[in-house]
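# Remarks on the overall topology
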Amino acid sequence: MDLFRDFWRKQRRKILVTTTCLGSGLLIYKLYNAHTRNLADLERELANERHNDELIKAQMKAHFETIQMIADTTTLPHALHHLSSRIVEEINVSSVMEKLSRGKGTLVPSEKLHLWSELKILSFTRMVVTLWSVTMLSLYIRVQVNILGRHLYIDTARGLASSHLLEELDLIDREDEQKFLTSADYLATNSMPSLISHVKSAVKEVLKGKQLKDVLTTRTLEETVIRILGLFMSTGSPHHWIDYLMMPQDTTTDVSSSDATVTKFHLLVTETREVLTSNEFTDVVEIALKSCTVALVEEMETQPGLATGIQLAKLLPQIEKTVPEISAVPDKNRFLQLIRDLPQVHLFFTLLYSKPL
């Protein structure tokens, strides 16, 4: 016992220091293990979040591409057919051409000149109205289906997060959805006469100094179309052209509907108008119209004469041959494909679809 006490007295400091070090080491080891486990758990959570984020991005990308396909294969063909029919009904170029054909040798010079002048105005008006309408209708329908598709996707995702029953989800009413999409016919059904009248005024202003014997080249034709479009777009209040595409704001609410239904439909229409009045959409419109004008001239350049220069009177029949190409069915329409493939257009609708509600 004395030996133990003597040993303790001599080695106590060393024993205490050693014990303290061992205890501290054990504590540090346990803390390190706990920290390592926490890091591993955090890394697993982050990996799961990254996986979920990638899954959501992939699903949204697939849904976005589906939305674009719906616009090309379902909504746009119907609206385009209605539009082209209305333009032909409202701008009767064939009757003037028939009068000129039947009157060969019988028309006095003044009558002949009047008919040719009328044909000049009508041909350019029909060409520009068709070019503008097809371009704007294509962009407008894409705005519609992307806004609607984004609402439906996000509403469904939010609803499923809190409900397992699809019928319990607060989605956009089917009647509202149909009403919203069919409003794309507003241009052809309601606005066409007014649109034609305003475009014709711009055509008359730009062509008033051009005679039937004047020679036009590829460049001068392109400049002429761009001037007509520019004059039409800039005449009137800012964004006045939206009124050709959409019904006035005070008529978008159906008072006979329930408040919830009205709110959903009004939300879609209001958001659509906000998009159309944005600077970004205005930029996209300018790029699309410019690109389609260039494509139109290139299409006409394949016919003889324009590349080296052709008289305006001889150009008019070529215009009539080319105009139906602008409003052709989507899968055979190079103008619609051109609009769809423009990088600025693709970026605009990608950002529009991914915009949070």
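What counts as what
- In this convention, every chain numbers its residues from 1, walking through the sequence in written order.
- The predicted nature of this model means local features are confined to residues of pLDDT at least 70 and side-chain atom pairs, given and counted, to a pLDDT of 80 or more, with totals for whole chains, interfaces and linings taken over all residues.
- Hydrogens and water are ignored here; the side-chain numbers use all heavy atoms of the structure.
- The convention used is that axes are lines fitted to C-alpha atoms, helices contributing only their stretch in contact, and that angles between N-to-C directions extend from 0 to 180 degrees.
- The helix and strand labels rest on DSSP assignments: H or I over at least four residues marks a helix, E over at least two residues marks a strand, and numbering proceeds from the N terminus.
- Under this scheme an angle from 65 to 115 degrees is roughly perpendicular, one under 35 degrees roughly parallel, and one over 145 degrees roughly antiparallel; angles in between are oblique.
- Take the far helix as the reference: if the near one is turned anticlockwise from it by less than a right angle, the crossing is left-handed, and if turned clockwise, right-handed.
- What makes two residues a contact is simply this: any of their non-hydrogen atoms within 4.5 Å.
- All residues other than Ala, Val, Leu, Ile, Met, Phe, Trp, Tyr, Cys, Pro, Asp, Glu, Lys and Arg, Gly among them, are scored as polar; the first ten of these are nonpolar and the last four charged.
- The term salt bridge refers to a pairing of a side-chain nitrogen on Lys or Arg with a carboxyl oxygen on Asp or Glu at a separation within 4 Å.
- Partly exposed residues are those whose accessible area sits between 20% and 50% of the maximum for their type, while under 20% is buried and over 50% is exposed, using a 1.4 Å probe and protein chains only.
- Here pLDDT means the predictor's own confidence in every residue, given as a number from 0 to 100.
- Ring pairs shown here join Phe, Tyr and Trp side chains whose ring centres sit within 6.5 Å, with only the six-membered ring taken for Trp; geometry is labelled stacked below 30 degrees between planes, edge-to-face above 60, and tilted in between.

In the contact formed by helix H5 (residues 186-207) and helix H6 (residues 218-234), the axes pass within 9 Å of each other and the chain directions differ by 130°. The orientation of H5 with respect to H6, classified from their angle, is oblique. Between H5 and H6 lies a crossing of right-handed hand. Residues Leu195, His198, Val199, Ala202, Val203, Glu205, Val206 and Leu207 of H5 form the contact with H6, whose own contacting residues are Thr224, Arg227, Ile228, Leu231 and Phe232. Of the residues contributing to the contact of H5 with H6, the split by class is 9 nonpolar, 2 polar and 2 charged.

So, on to the pattern of salt bridges. In this structure the tally under the stated criterion is 12 salt bridges. The shortest N-O distance in the salt bridge between Glu320 and Arg126 comes to 2.5 Å. Here Glu320 is found in helix H10 (residues 312-326), whereas its partner Arg126 is found in helix H3 (residues 109-162), with 194 residues between them in sequence. Comparing Glu320 with Arg126 shows no difference in burial state: the two are buried. We note a salt bridge from Glu298 to Arg334, for which the minimum N-O separation is 3.3 Å. Remark: Arg334 occurs in helix H11 (residues 334-341) and Glu298 occurs in helix H9 (residues 279-301); sequence separation between them is 36 residues.

This part covers the confidence of the model for the protein. With 71% of its residues at a pLDDT of 70 or more, the protein has an overall mean of 81. Ranking the helices and strands of the protein by mean pLDDT puts H5 first, with 96, and helix H1 (residues 2-90) last, with 66.

A word on the packing of aromatic side chains. Taken as a whole and judged by the stated rule, the model has 6 aromatic pairs. Centroid distance Trp132 to Tyr244: 6.1 Å. Interplanar angle 85°. Geometry classified as edge-to-face. With Trp132 in helix H3 and Tyr244 in helix H7 (residues 242-245), this pair connects stretches of sequence that are 112 residues apart. Considered together, Trp132 and Tyr244 belong to a single accessibility category, that of buried residues. Ring centres of Phe348 and Phe349 lie 5.1 Å apart, and the angle between their planes is 85°; on these two criteria the pair is classed as edge-to-face.

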